[in-house]
Amino acid sequence: MEEELSLPYGESGKIFVLGTNCSGCLGLGDVQSTIEPRRLDSLNGKKIACLSYGSGPHIVLATTEGEVFTWGHNAYSQLGNGTTNHGLVPCHISTNLSNKQVTEVACGSYHSLVLTSDGEVFAWGYNNSGQVGSGSTANQPIPRRVMGCLQNKVVVNIACGQMCSMAVVNTGEVYVWGYNGNGQLGLGSSGNQPTPCRIAALQGIRVQRVACGYAHTLVLTDEGQVYAWGANSYGQLGIGNKSNQSYPAPVFMEKDSSCCRQPSPCPTPDFPCAARCSRIIEIAACHSAHTSAAKTQGGHVYMWGQCRGQSVILPHLTHFSCTDDVFACFATPAVSWRLLSVEPDDHLTVAESLKREFDNPNTADLKFLVDGKYIYAHKVLLRIRCEHFRSSLEDNQDDIVEMSEFSYPVYRAFLEYLYTDSISLPPEEAVGLLDLATFYRENRLKKLCQQTIKQGICEENAIALLSAAVKYDAQDLEEFCFRFCINHLTVVTQTSGFAEMDHDLLKNFISKASRVGAFKN
């Protein structure tokens with residue numbers, strides 16, 4: 001959704017809300033915005049099945065039991081409760097729906113649609129262009145079944161544009177009604193349509209899903225093909241130009257030779273890789289945006305249309321794995337085009353699994369004895385990650401290695417780095433790790449040590465760190481420590497570290513400081 005509202009679940013079916021509270025869209029009984037989740041007590045125990053929102057915003061929600069609740073902006077009766085008063089708390093909408101189970105909801109800017117389990121569509125709210133489908137342009141204050149051509153049809157999918165409505169029936173036909181100034185109804189004209197009308201141009205094409213942008217429409221067929229029509233000023237139709245289109249036009253995903261991840265020869269010759277990669281299984285648009293997205297059976301996500309102020313006129317292959325990311329990153333405003341469910345994910349990535357196994361005695365096959373303490377590791381990982389271990393462990397059958405050259409904290413940090421690519425040490429200990437990194441020729445680790453030292457430098461340890469930088473030929477770090485000492489010269493020269501400074505280092509320090517004018521009055 002837009003930034004106005006979020007609806008995360010809590011424990012035991014509790015619902016929490018947060019965000020901007022325009023027109024009471026959080027449903028808390030007030031108009032106070034909040035950055036901290038607040039419990040929505042009026043829906044306690046209800047489980048959300050689907051949810052949509054308008055521009056006011058107004059919220060339409062269906063529960064898993066098929067009930068409908070609405071709240072928020074209501075200047076055009078889009079809440080369906082018979083009034084035009086804003087709804088500060090969720091209201092159960094039962095008029096004409098009391099014996100119905102709602103399975104899908106959709107919102108235009110200021111009107112609402114719901115789909116019932118028996119394939120009926122009900123609409124209410126703003127109707128200046130016929131988007132409620134009642135045959136007039138009078139606003140509809142309560143749910144009213146959309147009849148006309150849909151009377152004997154079984155609807156399986158609904159969607160709303162800003163001021164238009166769409167329905168897909170079980171035979172694959174698409175019916176449209178409402179505003180049509182940009183050709184978004186796909187009827188070959190720009191006249192508004194007050195009652196449902198079948199799109200004749202899709203004759204013989206079986207549509208499975210429909211999605212509406214602000215003023216454009218996408219459909220997905222049973223063969224995985226996408227058609228688009230309507231407004232196109234941002235290239236949101238994906239047909240290679242910015243001209244509005246009043247008839248359905250096919251949208252073709254760009255052929256990317258690198259997209260196929262299957263081995264050669266193709267493992268499924270009857271359904272070749274090119275077909276899998278280009279066959280669309282999901283389309284996405286949102287009534288608040290001029291952006292379109294699609295996902296292929298091969299897992300590739302394409303986007304087109306408005307992209308951070310730019311126009312993308314042909315489908316562009318993204319690095320995303322889901323269409324939700326397209327709208328979160330590229331749409332203006334950033335939105336969610338559908339209700340997202342965020343579940344706890346116990347799956348560990350390879351990197352997370354390796355990190356967890358560091359210093360684990362239950363899985364390790366090698367122990368390092370350092371300062372009388374054991375550090376547990378895995379030979380194969382050490383050989384993969386470090387050139388030193390690749391040679392030293394090649395023919396080594398021992399399961400214990402004694403280490404006396406480095407301290408326990410330093411050597412443990414080194415081994416942990418091989419598992420995690422990161423270090424966590426105070427700057428003084430990082431000096432010892434810098435010594436180890438130099439000895440083992442681990443250049444990336446050497447850079448990490450220098451960064452840690454820079455972040456932890458102070459007047460008291462500046463001379464010690466400068467001395468370490470000189471010793472380990474870390475020239476960038478040496479220059480950094482020197483500059484720090486010059487900038488804090490009065491305090492640094494009064495420290496014990498300066499008093500105990502090596503004679504040659506002191507001589508070089510004074511000479512260099514003199515050259516940069518540190519002793520001028």
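Before reading on, note that the structure itself is shown above.
Here the structure is a predicted model, which means the values were calculated and not measured. (Residues numbered from 1 in each chain as written. Predicted model: local features only at pLDDT ≥ 70, side-chain atom pairs only at ≥ 80, totals over all residues. Heavy atoms only, no water.)

Engineer: Explanation requested: the packing of aromatic side chains in the structure shown.
Structural biologist: Geometrically, a pair of aromatic rings is defined through the distance of the ring centres and the angle of the planes. For the structure shown, the criterion picks out 18 aromatic pairs. Note on Phe-358 and Tyr-419: the rings are 5.1 Å apart at their centroids and 55° apart in plane angle, and the pair reads as tilted. Taken together, the residues Phe-358 in the loop between helix 3 (350-357) and strand 23 (366-370) and Tyr-419 in helix 6 (residues 408-420) connect sequence positions 61 residues apart. The class for Phe-358 is buried, based on a relative accessible area of 9%. Assessed through its relative accessible area of 6%, Tyr-419 is described here as buried. Centre to centre, the rings of Phe-389 and Phe-414 are 6.0 Å apart; their planes meet at 25°, and the pair counts as stacked. (Phe/Tyr/Trp six-rings, centres within 6.5 Å; stacked < 30°, edge-to-face > 60°. Helix = DSSP H or I, 4+ residues; strand = E, 2+ residues; numbered from the N terminus. Buried < 20%, exposed > 50% of the residue type's maximum accessible area, 1.4 Å probe, protein only.)

Engineer: Please explain the sheet that holds strand 18 (residues 245-251) as it appears in this structure.
Structural biologist: By way of backbone hydrogen bonds, the strands of a sheet pair with one another, either parallel or antiparallel. The strand order across the open sheet built from four strands is 15-16-17-18, with neighbouring strands paired in antiparallel fashion. The sheet is open, and its two edges are formed by strand 15 (207-212) and strand 18, each paired on a single side. Between one strand and the next, the sheet's axes are offset by a mean angle of 20°, whatever the strand orientation. (Pairing = 2+ DSSP bridges. Axes fitted to C-alpha atoms, helices over the stretch in contact; angles between N-to-C directions.)

Engineer: Which parts of the structure should I look at to understand the sheet that holds strand 19 (residues 280-284)?
Structural biologist: Spatially, 19-20-21-22 is the arrangement adopted by the four strands of the open sheet, whose pairing is antiparallel. Each edge of the open sheet is held by one strand with a lone partner, namely strand 19 and strand 22 (310-317). On average, adjacent strands in this sheet sit at an angle of 10° to one another, irrespective of strand direction. Looking at chain direction, strand 19 and strand 20 (residues 291-296) are connected through four bridges and run antiparallel. Each residue of the ladder has a partner; that of Ala-284, found in strand 20, is Ala-293.

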